[in-house]
Amino acid sequence: AQSVSQHNHHVILSEAASLELGCNYSYGGTVNLFWYVQYPGQHLQLLLKYFSGDPLVKGIKGFEAEFIKSKFSFNLRKPSVQWSDTAEYFCAVTASGSARQLTFGSGTQLTVLP
Amino acid sequence: GAGVSQTPSNKVTEKGKYVELRCDPISGHTALYWYRQSLGQGPEFLIYFQGTGAADDSGLPNDRFFAVRPEGSVSTLKIQRTERGDSAVYLCASSPALTIAGGSTDTQYFGPGTRLTVL
């Protein structure tokens, strides 16, 4: 079974700072990788996803993530955060075969100070 | 509809009572998922439907939990003899169940959740 680790539970940044949120997964096979975001009072929304091909994927709102297979990592990055990026961020993985359920990390709460 | 909808948004019940939580998926999505999110945790998988049948119910914690999707659209999660430990946000997601040769390219879209509180 797969598992996902997000080592940063709470990150506090000032506006315009650069962001990198760590995500490591444990699974021996081929995976699909996702980052979801949950803004205050809103439901989970897809930020970006990786299925295959270019390991650097770009998502909405200037976010990107890089899949490094050798490190089992899929870290989320943004060069300059905004106050509106304050939210909880979840990394998730699913095996790309027949299994379809997402396995989520425990989430990282990002607070951006104006 | 435009997105996944879930009702009710909040449910407060007493220990030992029976509850039903409803999910309306995105129109045309054949796959439907239930997850449970406890405070401070990521969502945890409960059950997955492909059409009307439960393709994987390995995440259901015990036999007090049951889900149905009789017509392949709306789904109901049913919890019998609720316990305080069942308190959580119950999330529903749907997807078009896309696949390509050799794997899935499926993306799940989540509803707003039902916050269940068992007193």
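Remember, predicted model here, so these are calculated numbers, not experimental data. (Residues numbered from 1 in each chain as written. Chains lettered and ligands numbered in written order. Predicted model: local features only at pLDDT ≥ 70, side-chain atom pairs only at ≥ 80, totals over all residues. Heavy atoms only, no water.)

A. Structural context of the layout of surface pockets. By volume, the largest pocket is sized at about 510 Å³. For the lining of the largest pocket, the secondary structure elements donating two or more residues are strand E10 (87–95) of chain A together with strand E9 (88–95) and strand E13 (114–118) of chain B. Per-element accounting of the lining of the largest pocket gives the leading share, four residues, to E13 of chain B. What the second largest pocket holds in volume is close to 180 Å³. As for the second largest pocket, its lining consists of Val-4, Gln-101, Leu-102, Thr-103, Phe-104, Gly-105 and Ser-106 of chain A together with Gln-41, Gly-42, Pro-43, Glu-44 and Phe-45 of chain B. At the level of secondary structure, the elements contributing two or more residues to the lining of the second largest pocket comprise strand E11 (103–104) of chain A together with strand E5 (44–50) of chain B. (1 Å grid on protein atoms, 1.4 Å probe; cavity = no way out; pocket = protein on both sides within 12 Å on 5 of 7 lines; lining within 4 Å. Points joined across faces, edges and corners; volume = space filled by probe spheres on them. Helix = DSSP H or I, 4+ residues; strand = E, 2+ residues; numbered from the N terminus.)

B. Spotlight on the state of the cysteines. Residue and element names in this part refer to chain A. Counted under the stated rule, the structure contains two disulfides over all chains. Covalently, Cys-23 is tied to Cys-91 through a disulfide, its sulfur atoms 1.9 Å apart. Since a negative S-S torsion denotes a left-handed disulfide, the Cys-23-Cys-91 link at about -65° is left-handed. Placement of the pair is Cys-23 in the loop between strand E3 (19–21) and strand E4 (24–26) and Cys-91 in strand E10, with a sequence separation of 68 residues. Its relative accessible area of 0% is what places Cys-91 among the buried residues. (Disulfide = S-S within 2.5 Å. Buried < 20%, exposed > 50% of the residue type's maximum accessible area, 1.4 Å probe, protein only.)

C. Structural detail: the environment of Phe-45 of chain B. Residue position: Phe-45 of chain B is located in strand E5. According to the relative accessible area criterion, Phe-45 of chain B is buried, its value standing at 12%. Considering only alpha carbons, one finds Phe-45 of chain B and Leu-91 of chain B, 46 residues apart in sequence, at a separation of 9.3 Å. Ignoring any residue separated from it by four or fewer positions in sequence, one finds Phe-45 of chain B in contact with Gln-101 and Leu-102 of chain A together with Tyr-33, Trp-34, Tyr-35, Asp-56, Ser-58 and Gly-59 of chain B. (Contact = heavy atoms within 4.5 Å.)

D. Representation of unusual backbone geometry in the model. Each neighbour pair has its own omega, and for Thr-7 of chain B with Pro-8 of chain B the value is -10°, a cis peptide bond. Mapping Pro-8 of chain B onto the fold places it in the loop between strand E1 (5–7) and strand E2 (10–13). The phi angle at Phe-72 of chain A is positive, at roughly 50°, despite the residue not being glycine. Structurally, the position occupied by Phe-72 of chain A is in the loop between strand E8 (64–68) and strand E9 (73–78). Residue classification places Phe-72 of chain A among the partly exposed residues on the basis of a relative accessible area of 38%. Here Arg-81 of chain B, not a glycine, exhibits a phi torsion of approximately 45°, which is positive. Topologically, Arg-81 of chain B is positioned in the loop between strand E8 (75–79) and E9.

E. Local environment of the interface of chain B and chain A. Contacts between the two partners involve 25 residues from chain B and, on the opposite side, 18 residues from chain A. Taking both partners together, chain B and chain A bury about 1,700 Å²; carbon and sulfur atoms supply 54% of that area. Counting across the interface, chain B meets chain A through zero salt bridges. Seen at the junction of chain B and chain A, the total is four residue pairs in polar contact (both at pLDDT 80 or more). Residue contributions to the side of chain B that touches chain A peak at three residues, all from strand E4 (residues 31–37) of chain B. Each residue belonging to the side of chain B that touches chain A can be placed in one class, and the counts come to 10 nonpolar, 13 polar and two charged. (Buried area = accessible area lost by both parts, 1.4 Å probe. Salt bridge = Lys/Arg side-chain N within 4 Å of Asp/Glu carboxyl O. Polar contact = N/O pair within 3.5 Å; in protein donor to acceptor, adjacent residues only side chain to side chain. Nonpolar A, V, L, I, M, F, W, Y, C, P; charged D, E, K, R; others polar.)

F. Region of interest: the side chain of Gln-6 of chain B. Residues and elements named next belong to chain B. One can find Gln-6 in strand E1. Looking at Gln-6, its side chain comes within polar contact range of the main-chain oxygen of Tyr-90, at 2.9 Å. Within the structure, the side chain of Gln-6 is placed 2.9 Å from the backbone nitrogen of Gly-113, a separation counted as a polar contact. Ignoring any residue separated from it by four or fewer positions in sequence, one finds Gln-6 in contact with Arg-22, Cys-23, Trp-34, Tyr-90, Leu-91, Cys-92, Gly-111, Pro-112, Gly-113 and Thr-114.

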